[in-house]
Amino acid sequence: MNLKKTAIFLMALICHLALIAQESYSLSGTVISEGDAIPLAGVSVVIKGTTTGVVTDFDGNYEIDVVEGNVLQFSYLGFVSQEITYNGQQTLDVSMASDSQLLDETVVIGYGTRKKSHLTGAVSSVVNEDLDQLPVARVDDALVGQISGVNIQATDGQAGAAPTIRIRGTGSLTGSSAPLIVVDGLVVDNDFLGSLDMSEVASFDVLKDAASAAIYGSRGGNGVILITTKQGKEGKTVFSYQGYSGYKEARQSDAYYFSVAETAAAELAATGELSPRTQYIQAIGIDRDWQDDIFDGGLIQNHSLSARGGTENTKFSISLGYLHDEGVLLTDDYKRYNLRLKLDTKVSDKFRFGGNLAPSYTDTRRFDGSTHDILRQPPWLPIYHDENTIQFVDRNVYPDVAVGDYAVQRHFDNYDLFGDGTLIDISDTSNTNPAAKVLERDRNDYKFKVFGNFYADYEIMDDLNLRTTLSGDYQHTMRDRWQGVLSSRNGASDASYNVENERGIHIASETYLTYDKTFGEHEFDAVAGITFEQWDYEGSYSLGTGYSSDLIRTLSAATVASEIDSWIYDERFQSYFARINWAYADKYLASVSYRRDGSSVFGSDSKYGDFPAISLGWDIAEENFLKENDFLSSFKFRVSYGFTGNKDLDTNSDIIDLYPSLPLLGPSSATIGGAVQPAFVALNIANPDLQWERSQEVNPGLDFGFLKNRITGSVDYYKRTSDQLLLFNPISASTGFRNALVNIGEVENSGVEVELRTRNFANSNFGWNTTVLASRNKNELTDFADSNGQIGLVDDKRAAEWINLEGQPISSFYGWVVDRDIPRELRERPYFPIGAEAQDVYVKDLNGDGVIDDDDKTILGNPYPDLIWSLTNEFRIGNLDISFLFQGSHGAEVRNMGDQYIFNHFNSGADFDPAITPDQDFIREKIFTDDIVQDASYVALRNVNIGYNIPVEVTGKLGLKSLRVYAAGQNLKYWTADDYTGFNPESIDDTSPTTYGYQRAGSPLFRTISIGINADF
């Protein structure tokens, strides 16, 4: 009995001692995000192995009862989870790193990185957190509305087509105004972005001001877009699948919708009767909207599979992607296959190397037609003849037309509707059926590309590294085009087949030293190096004609080889560059850079150009008298000044673009003794003094953060003057040329950019963030030399005018101002053709002299927007997240020549009746007036994304690390100005900077709805 009591006593004593040993404590602390020290609300703090836990409050604070030895798990969506063992401390503050911490802390600035807090230039960054969920075929399409000062326009609606990108306006007259694109350190052309898979992109960094872009010297004048692709991470290999499928449909135009029924009703209401033509059209029994047939919509799908992992010394990433975009236009189709391999290896503490290889292949069938030409066809015209429509065919002229053949308007002429011998004509063109122009043509692009680079990095001594890279890309493009026997009104005589092959190889070698050192509160880094680049191009073109059928579509089947051409070009480039960055106590900042470029493009007297830059910054919030301020988190003043250049010409002649300073000859022919002999003709006037276009820019700016960086943003003002512009200046006709290429023009772009980001609300169950971006740019032609006041045309047949006048934007619409329309009752045939409008209008006598002449012409507008903005809101409700982006553009205009086609301005029957129309001296064609100069402003619901992250309890049972399902929409709503009649106000035809803003109804904008999943396993 005593033994039993003793045992009980000992057990109780042991339990008591255990309880003493497990005495609980109240632990408190604050959780912040690493890098910007923002308190994180809603972080889950759980004792491992239990269900005991809390979440941080709005200010990131938490309090939890623990015992010594407990392991605390800190987890938060988008951040790296941490496990920390409690060892008796009273407080425990935790700094959590984002999954993309390195990208968040630093910004790629060209040949290196810099802390965001130390930036002294205008640099904007976008991390790919959910951009890969947008249903777009190209990575640059995903940047719309993401960066202030960057205008991205969907100028071409075909699947896989490149958008037009402008950073801080247009700064060239003859050269390119597109930004420089750099992928993983290698300069690539804009077309190369069509081969990238968004799921492989880690971040975009955009260098907007000259001081930031000057490190790229003669190629940085239009800004620089740096793209960094994803790389492997240390740890167990993670396999990821990202995919979506969706449907695309074109945005149609209500103004271009014409109806037989509506037109007949209007005619009956106005006149009390229907004309024989209208009655005949009704008898045919067809009332179609050609937009439904040409804008047929299509599916889009994207699939990407990747594996990333590695050890401390070797990290790898491999991915495979496939995209298929059927577009929204008839016959439009785009396929892309891409593979990317990336490897980084640390051989020793001093030496590491790596590289990546990325082959891709795209197969594109293009829409081979023009929307304006197709959509001007009448709604009564069928595509194919059926048993009903075949009875109206004029058998005297078309005896062989049968059911199933394409219908053309002329088939329906000479029809005796009333049986009284009166023949009725209803055609207004002899063209073939509009669908045949597309369906009977086959136009394809096949592109194979390989991108690759290799680097080696050696640590010479502490803080001093030598890095060398060898990069390159190879592209082979084959284009073919078959125009079938039925694709033209002329039948087999117009049938043709052409094949074009282009090959290009670009090799770049870079070697540079980097030095990074901290001396007390001084942080210092520098880079200096040299680069060599070369481009080699070759190509050939062949055209065959004389085909009698569509059976054999090869050049060998042609009876005539009407065109044969081939070419070989090359270009060489050499550069020296250096940059020094300095920061003291995180508050006084400076950066100085210099680049010297040499190019084979320019003249022997101007092979090299120099591009220096300097920028300074002061973060007043780091001063002692403000450092403890709870309201002001950061307040950095900065200013930059620098020079950049532009070497890329766009004269519509490749040989002149690459050798503009040399005397060039082109093949021609001459008749000697009655026989045609091969000959050569001069293409240009040599100019050994030709050099880079130069841009100098000043950019004061302010970066700010308030309330522990719950509110952050920036404001920039810039003034960029682009001079030494390459310009075709008029010269004496005695030289045999009308103009010669010289460095003489000047253009100024100035503006303001604002970025504002707010964390409106955040707790464990709900979060709300907002981003507002806005930019305003003013473009002004300040020097146009002898070409000042030049009048330009796009099409001699439709000679609407542009003017290039100093003090005005580069490209301004020019012509007469509309006074009033010609009343319908004064038109000869007001209800035929269906949808037709008068091609003329009354114009204003601006100088009041009673005569309409050139003195009454004026500037009618310009194609450059005054304001571009975007508004993004992101909501998180538990595991559910919702985001949407509105984007708008205001102040731009387009000259929509599509109205002349689609409203049948050509048709003489729609003209005014000269016998009864008054004041005919005040009438002019609409295309020479502001009647077709239309407001291109718009507001769009660009992106909507609704996603749900499946709880880990469920994904764990499925054997997955994470699973996200989402639905996305693009351009779900798109509002345009009341006077805009076309399909897409962003769409601009590729003419020239001096005649910019020309549109023929536009290539259609499309809306997309898709669903997708992202899975890690």
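All of these numbers come straight from a predicted model, not from anything done at the bench.

A. Region of interest: the overall build of the chain. Within the chain, the regular secondary structure consists of 12 helices and 50 strands. Here the chain has a C-alpha radius of gyration of 34 Å; the compact-globule value for 1017 residues is 31 Å, and the two agree. Counting only residues that meet the buried cut, the chain has 52% of its 1017 residues in that class. Counting contacts in the chain only where the partners sit at least 6 residues apart, residues at least 24 apart contribute 70% of the total. As displayed, the chain has an accessible area near 44000 Å², and 55% of this comes from carbon and sulfur atoms. Taking the average location of the 83 positive side-chain charges in the chain and that of its 144 negative ones, the two points are 6 Å from each other.

B. Summary view of empty space enclosed by the protein. Summed over all chains, the structure comprises 13 cavities of 30 Å³ or more. Approximately 340 Å³ is the volume found for the largest cavity. Along the walls of the largest cavity sit 31 residues, with Val136, Asp141, Ala154, Gln970 and Phe1006 positioned nearest its centre. Elements that contribute at least two residues to the lining of the largest cavity include exactly β11 (150-153), β47 (938-949) and β48 (962-976). Residue composition of the lining of the largest cavity, by class: 16 nonpolar, 8 polar and 7 charged. What the second largest cavity holds in volume is close to 270 Å³. Around the second largest cavity, the lining is made up of 22 residues, and of these Asn151, Gly169, Asn777, Pro865 and Ile868 lie nearest the centre. Ranked by residues supplied to the lining of the second largest cavity, first place goes to strand β35 (residues 766-783) with 4 residues. In terms of residue class, the lining of the second largest cavity is made up of 8 nonpolar, 9 polar and 5 charged.

C. Here's a closer look at the packing of aromatic side chains. One pass over the structure, following the stated rule, counts 44 aromatic pairs. Ring geometry for Trp768 and Phe875: centres 5.5 Å apart, planes at 20°, overall stacked. Taken as a pair, Trp768 in strand β35 and Phe875 in strand β42 (residues 867-877) lie far apart in primary sequence, 107 residues in all. Given the relative accessible area of 32%, Trp768 is considered partly exposed. The exposure class assigned to Phe875 is partly exposed, which follows from its relative accessible area of 22%. Consider the rings of Trp802 and Tyr998, whose centres lie 6.0 Å apart with planes at 55°: the pair is tilted. Of this pair, Trp802 sits in strand β37 (residues 801-804) while Tyr998 sits in strand β49 (residues 998-999), placing them 196 residues apart in sequence. Comparing Trp802 with Tyr998, the two get one shared label, buried. The side chain of Arg288 reaches across the aromatic face of Trp290, ending 5.0 Å from its centre.

D. Broad picture of the environment of Phe192. Looking at the element boundaries, Phe192 is found in the loop between β14 (186-188) and β15 (201-207). Given a relative accessible area of 2%, Phe192 falls into the buried group. Note: C-alpha distance between Phe192 and Val107 (85 residues apart in sequence) is 23 Å. Contacts of Phe192, omitting those with residues within four sequence positions, involve Lys449, Phe451, Asp473 and Gln475.

E. Seen up close, the nonpolar core. In terms of nonpolar packing, the biggest core is built from 47 residues, with Ile284, Trp380, Phe412 and Ile426 touching the most fellow members. Those elements that place two or more of their residues in this core are α5 (276-284), α6 (290-294), α7 (371-375), α8 (434-439) and α11 (898-902). Not counting the four nearest positions on each side in its chain, Ile284 is found in contact with Trp380, Asn388, Thr389, Phe392, Phe412 and Ile426. With 29 residues, the next largest nonpolar core counts Val150, Ile165, Ile181 and Val183 among its residues.

F. Seen up close, the pairing of β48. In the sheet, β47 pairs with β48 via 11 bridges, with the strands oriented antiparallel. Its bridge partner being in β48, Tyr948 is matched across the sheet by Val965. By the bridge criterion, 9 bridges tie β48 to strand β50 (residues 1006-1016) in an arrangement that is antiparallel. Residue pairing in the sheet places Ser962 in a bridge with Asp1016 of β50.

G. Region of interest: the sheet that holds strand β44 (residues 893-896). Strand order in this open sheet of 3 strands is β46-β44-β49, and the pairing throughout is mixed. Lying at the two open borders of the sheet, with one neighbouring strand each, are β46 (933-935) and β49. With 2 bridges joining them, β44 and β49 adopt parallel strand pairing. Bridged to Asn896 within β49 is Gln999.

H. Looking closely at the pairing of strand β2 (residues 44-47). What you see with β2 is a clean split: Val45 and Ile47 sit on the buried side and Ser44 and Val46 on the side with no burial. Two elements, β2 and strand β3 (residues 53-55), share 3 bridges in a ladder whose sense is antiparallel. Within β3, the position partnered with Val46 by the bridge is Gly53. Sheet topology places β2 next to strand β5 (residues 71-75); 4 bridges connect them, and they run antiparallel.

I. Local environment of the pattern of salt bridges. Counted under the stated rule, the structure contains 53 salt bridges. The closest approach of N and O atoms between Glu753 and Lys208, which form a salt bridge, is 3.0 Å. Placement of the pair is Glu753 in strand β34 (residues 739-762) and Lys208 in the loop between β15 and α3 (210-213), with a sequence separation of 545 residues. Take Lys208: its relative accessible area is 4%, and that puts it in the buried class. Linked through salt bridges whose partners overlap, the residues forming this network are Arg168, Lys208, Glu697, Glu753, Glu755 and Arg757.

J. Region of the structure containing α5. Those residues of α5 not exposed but buried are Thr278, Tyr280, Ile281 and Ile284. Relative to the axis of α5, the buried residues are bounded by an arc of 160° and lie together on one face. In the core, the buried residues of α5 are packed alongside α4 (260-271). Looking at the residues trailing α5, positive phi occurs at Gly285, about 85°.

K. Representation of a nonpolar patch on the surface. Together, Tyr337, Tyr361, Phe448, Phe454, Leu470, Tyr474, Ile505 and Ile507 give the surface a local cluster of nonpolar side chains, amounting to about 680 Å² of exposed area. For the nonpolar patch, the secondary structure elements donating two or more residues are β22 (441-461), β23 (464-483) and β24 (496-519). Assignment of secondary structure puts Tyr337 in strand β20 (residues 333-346). Residue class for Tyr337 comes out partly exposed when judged on its relative accessible area of 37%.

L. Layout of α4. Between its first and last C-alpha atoms α4 spans 16 Å; for 12 residues at 1.5 Å apiece the expected length is 16 Å, and the two agree. Val260, Thr263, Ala264 and Glu267 are the residues of α4 that are buried. Taken down its axis, α4 places every buried residue within 100° of arc, on the same side. Structurally, α4 contributes buried residues whose contacts are with α5. Of the residues that open α4, the one with a side-chain oxygen 3.2 Å from the backbone nitrogen of Ala261 is Ser259. Once α4 finishes, Gly272 follows within two positions and takes phi at roughly 85°, a positive value.

Reading the values: the criteria
Residues numbered from 1 in each chain as written. Predicted model: local features only at pLDDT ≥ 70, side-chain atom pairs only at ≥ 80, totals over all residues. Heavy atoms only, no water. Helix = DSSP H or I, 4+ residues; strand = E, 2+ residues; numbered from the N terminus. Rg over C-alpha atoms; globule rule 2.2 N^0.38 Å. Buried < 20%, exposed > 50% of the residue type's maximum accessible area, 1.4 Å probe, protein only. Contact = heavy atoms within 4.5 Å. Areas by Shrake-Rupley, 256 points an atom, 1.4 Å probe, with all protein chains shown as cover. Lys, Arg positive; Asp, Glu negative; His and termini not counted. Charge placed at Lys NZ, Arg CZ, Asp CG, Glu CD. 1 Å grid on protein atoms, 1.4 Å probe; cavity = no way out; pocket = protein on both sides within 12 Å on 5 of 7 lines; lining within 4 Å. Points joined across faces, edges and corners; volume = space filled by probe spheres on them. Nonpolar A, V, L, I, M, F, W, Y, C, P; charged D, E, K, R; others polar. Phe/Tyr/Trp six-rings, centres within 6.5 Å; stacked < 30°, edge-to-face > 60°. Lys NZ or Arg CZ within 6 Å of the ring centre and 35° of its normal. Core = buried A, V, L, I, M, F, W, Y, C linked by side-chain atoms within 4.5 Å. Pairing = 2+ DSSP bridges. Salt bridge = Lys/Arg side-chain N within 4 Å of Asp/Glu carboxyl O. Arc of directions from axis to C-beta. Patch = residues over 30% accessible without salt bridge, like charges linked within 9 Å, V, L, I, M, F, W, Y side chains within 5 Å. Expected span 1.5 Å × (residues − 1). Polar contact = N/O pair within 3.5 Å; in protein donor to acceptor, adjacent residues only side chain to side chain.

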